[in-house]
Amino acid sequence: MITKYVYGNPIETEAVVQNVPNTSEKMPYFEVAEDHCTFQTHLAEDDIVYGLGEQVRGMNKRGWKYKSCNFDNPNHEEDTMSLYGAHNFLLVSGQKTFGVFFDYAGMMTFDIGYTAHDLMTVTAEDGNLKVYLITGASEDVIVHQFRTLIGRSYIAPKWAFGYGQSRWGYQSEEDIRQVAAKHQAAGIGLDSIYLDIDYMERYKDFTVDNTRFPDLKQLQSDMMAQGIHLVPIIDAGVKIEEGYSVYEEGVAGNYFCKDADGNDFVGAVWPGRVHFPDFMKPETRRWFGDKYAVLLDMGIDGFWNDMNEPAIFYTEKRLESVMQRINELSKQNMGVDTFFEFKGLVEGISNNIEDYSTFYHDMNGKKVVHHKVHNLYGYQMTRAASEAFDRLSEDKRILMFSRASYIGAHRYGGIWQGDNKSWWSHLLMNLQMLPALNMAGFVFNGADTGGFGCDTTEDLVMRWLQLSVFTPLMRNHSAMGTREQELYQFGNMADTKKMIEIRYGLIPYIYSEYMKAVLQDTMMYRPLSFVYRTDAAAREVEDQLLLGDEVMIAPVYRQNANGRYVYLPEEMMLVRMRGLDDIETEILPKGHHYVQAKLHELVFFIRHGKKIPLCRAAQNTEALDTVHMQYLGWETADYALYEDDGVSKDYDIEKHIRMC
Ligand code: GLC
């Protein structure tokens, strides 16, 4: 059952698609403060709090405080409070089990047993919000209702499930051709190469640098001939430059966010000074969305939207005042106070929350300060793109995923988990985010495999692949200046190549589970406790996940480990794969096990009485043979395989399910 409580006069987020009547009754579970800014509930000792989508820490969010504020933070660690998405859905599981969605466009804090272990306090900056309370017989039922409430998740083309190679720093057409050729030469399957900001002319959206990329259309068609899709990045900020048509149209059409004086607001990102499109305005969305046509017309059929929190390197005003103060400080003998002031000034230039109060949107003719709708910005940028794709590519799916997001954006695109690091802790965090993202509707997602920031290591890449073989987006991406991490950069390429073969072998299953989760409003990844609800040990597991109804994954996420402890809540089949032709299986009883998993071995589990399909590897998804498949698991089991052409928009589940 879903109950809706409306407090004050909320800003419409369009997160929800169902019409739920308001109730004037008192909300159960929560103490609501008179000004409706604070919502407090008691947590019993064993209650688990799931949710919050893209956030730090474990699956059980208890014990920390979080802030919903789309934030560009590549250096996130355990004490971080905000990442790139704002997903205000929580699911309390335990003595009382319920879901709750705080539909609020601004910033909120979630103190989940931080101030006091048995209290959860959710605080909005003002008392204007909608709260949806969802009750049901189980966690699955609650999530299903919530997902139905927020509408069907975005559907990616099937090729987006193939392996993707990306790096910030592929400088030219030649670099791209080499990446393709090297994968080809090594026999490593590849469906996509991502174009980072380097392809643009001085970081201007919808332009191509024609010295370094003299003929992108030709490059695209040469790549397509090899089954490789080029996926360019689009950033939120539009460079201020006379003669640049996007800038000029934006000014003329009144499409940009305004400052307090009503002038187009100036911030700075990659290209230097930019204006930010006011994506809250339907006219801006339409205008900006139509710009993608310049790339679509070249045959490009996938994009990633970035820097749309929006990330701001600096604003003119802040820069000026910081420079002035630094100038004063530079004339002093800086001691403890002044030196730290100086450091703070420099560190605080970028993505400064105060700057979000210095520009404005036009929402249905009303001037709204950005701060109040901050978390909707990336969402509306993704919507701009996605609605344009519906107009410009009526029959064919276009890949779209974004960095910033809010619930609602899940209908328009997927997300990647933003800038992570080549850290083992981020590999685990990647796994722990998956169920929470699914709850919030983001079924198409994946993290930068191998890690984005800092130098990776060969073993980390290998272990990360062993998680990413199961996530919808499997993209190797890294930052400029870090160690190159294409799979052919490492000595034991034979083994990494086999992981990619395994990925291709698993695509029929992964795609099928993805489509079923999207079309049936269910989760692709679930914590063990959702299924083994009364099993106390299963409820504590933080590093294993159920995938669909068939698989349990338990990747190794520690350096130099040759295995790990795994908890089996029932008898399961251990599958050990060293390649598609080197598979061992073994039935293990319920209980705790130490399971060996050497660096080159992918180990996972099939639930009792289930089976999964596995096909032969291919150089790309297009070439996969899904007719002649083998099955892993219990022979007598049935598997309901969802299969469609992967590009068109006919998603009739009845038509596309076949029993295997
Ligand atoms: C941002 C993105 C990252 C990209 C970089 C350069 O940091 O999150 O993926 O490589 O910008 O465009």
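So, here is what we can say about the structure in this document.

Conventions used here
Residues numbered from 1 in each chain as written. Predicted model: local features only at pLDDT ≥ 70, side-chain atom pairs only at ≥ 80, totals over all residues. Heavy atoms only, no water. Pairing = 2+ DSSP bridges. Helix = DSSP H or I, 4+ residues; strand = E, 2+ residues; numbered from the N terminus. Salt bridge = Lys/Arg side-chain N within 4 Å of Asp/Glu carboxyl O. Buried < 20%, exposed > 50% of the residue type's maximum accessible area, 1.4 Å probe, protein only. Near = heavy atom within 4 Å. Polar contact = N/O pair within 3.5 Å; in protein donor to acceptor, adjacent residues only side chain to side chain. Areas by Shrake-Rupley, 256 points an atom, 1.4 Å probe, with all protein chains shown as cover. Nonpolar A, V, L, I, M, F, W, Y, C, P; charged D, E, K, R; others polar. Contact = heavy atoms within 4.5 Å. Phe/Tyr/Trp six-rings, centres within 6.5 Å; stacked < 30°, edge-to-face > 60°. Lys NZ or Arg CZ within 6 Å of the ring centre and 35° of its normal. Expected span 1.5 Å × (residues − 1). Axes fitted to C-alpha atoms, helices over the stretch in contact; angles between N-to-C directions. Parallel < 35°, antiparallel > 145°, perpendicular 65-115°, else oblique.

**Some thoughts on the sheet that holds strand β18 (residues 272–275)**
Move 1: Strand order in the open sheet formed by 4 strands is β15-β18-β17-β20, with antiparallel pairing between adjacent strands. Taken across any chain shown, the strands that pair with only one partner, and hence form the sheet edges, are β15 (238–239) and β20 (314–315).
Move 2: Bridge analysis of β15 against β18 gives 2 bridges, and the strand direction is antiparallel. Bridged to K239 within β18 is V274.

**Points about the sheet that holds strand β34 (residues 583–588)**
Move 1: Taken together, the 6 strands give an open sheet; going across it, the order is β29-β30-β31-β36-β33-β34, and neighbouring strands pair in antiparallel fashion. At either margin of the open sheet sits one strand with a lone partner, and together these are β29 (525–526) and β34.
Move 2: Sheet topology places strand β33 (residues 572–577) next to strand β36 (residues 602–607); 6 bridges connect them, and they run antiparallel. The residue bridging V575 from the neighbouring strand is F604, located in β36.

**Some details on the pattern of salt bridges**
Move 1: Applying the stated criterion across every chain yields a total of 43 salt bridges.
Move 2: The shortest N-O distance in the salt bridge between D448 and R475 comes to 3.0 Å. With D448 in strand β27 (residues 448–449) and R475 in strand β28 (residues 474–476), this pair connects stretches of sequence that are 27 residues apart.
Move 3: We classify D448 as buried; its relative accessible area is 1%.
Move 4: Taking the relative accessible area as the measure of exposure, R475 reaches 0% and is therefore buried.

**Quick word on the site of the ligand**
Move 1: Close contacts around the ligand come from W168, D196, I197, I233, W270, W304, D306, R403, W416, D419, F452 and H477, and that covers them all.
Move 2: D196 places a side-chain nitrogen or oxygen 2.5 Å from an oxygen atom of the ligand.
Move 3: Burial of the ligand by the protein chains amounts to 97% of its free accessible area of 310 Å².
Move 4: Counted by class, the shell around the ligand contains 7 nonpolar, 1 polar and 4 charged residues.

**Thoughts on the side chain of D535**
Move 1: With respect to the element layout, D535 can be found in the loop between β29 and α14 (536–540).
Move 2: The class for D535 is buried, based on a relative accessible area of 12%.
Move 3: Within polar-contact distance, the side chain of D535 engages the backbone nitrogen of A537 at 3.0 Å.
Move 4: A distance of 3.0 Å separates a polar atom in the side chain of D535 from the backbone nitrogen of A538.
Move 5: Once residues lying within four places of it in the same chain are set aside, the contact partners of D535 are Y567, P569 and K590.

**Examining the packing of aromatic side chains**
Move 1: What the rule picks out here adds up to 50 aromatic pairs.
Move 2: Summarising the aromatic geometry, the rings of W270 and F313 are spaced 5.1 Å apart at their centres and angled 90° between planes, so their arrangement reads as edge-to-face. A residue pair is termed long-range when its members are at least 10 positions apart, and W270 in the loop between β17 (267–269) and β18 and F313 in the loop between β19 (302–306) and β20 qualify at 43 residues.
Move 3: Residue W270 is classed as partly exposed on the basis of its relative accessible area, which comes to 26%.
Move 4: One cation-aromatic arrangement involves K367 over Y360; the distance from NZ or CZ to the ring centre is 4.5 Å.
Move 5: The side chain of R475 reaches across the aromatic face of W416, ending 5.3 Å from its centre.

**Some remarks on helix α10 (residues 377–392)**
Move 1: Between its first and last C-alpha atoms α10 spans 23 Å; for 16 residues at 1.5 Å apiece the expected length is 22 Å, and the two agree.
Move 2: With 12 of 16 residues buried, α10 is to be regarded as a mostly interior element.
Move 3: Among the residues of α10, those classed as buried are Y377, G378, Y379, Q380, M381, T382, R383, A384, A385, S386, A388 and F389.

**What to know about the side chain of T121**
Move 1: Within the fold, T121 resides in strand β10 (residues 119–124).
Move 2: With residues up to four places along the chain from it excluded, the contact list for T121 reads T38, F39, Q40, T109, F110 and D111.

**Considerations on the packing of helix α11 (residues 424–439) against helix α12 (residues 458–468)**
Move 1: Between α11 and α12, the least distance of the axes is 10 Å, while the angle of their chain directions is 5°. With respect to each other, α11 and α12 are oriented roughly parallel. For the pair α11 and α12, the contacting residues are W424, H426, L427, N430, L431 and L434 in the first and D459, L460, R463, W464 and L467 in the second.
Move 2: Taken together, the residues of the contact of α11 with α12 sort by class into 7 nonpolar, 2 polar and 2 charged.

Fair warning: the whole summary comes from geometry, so function is off the table for now.
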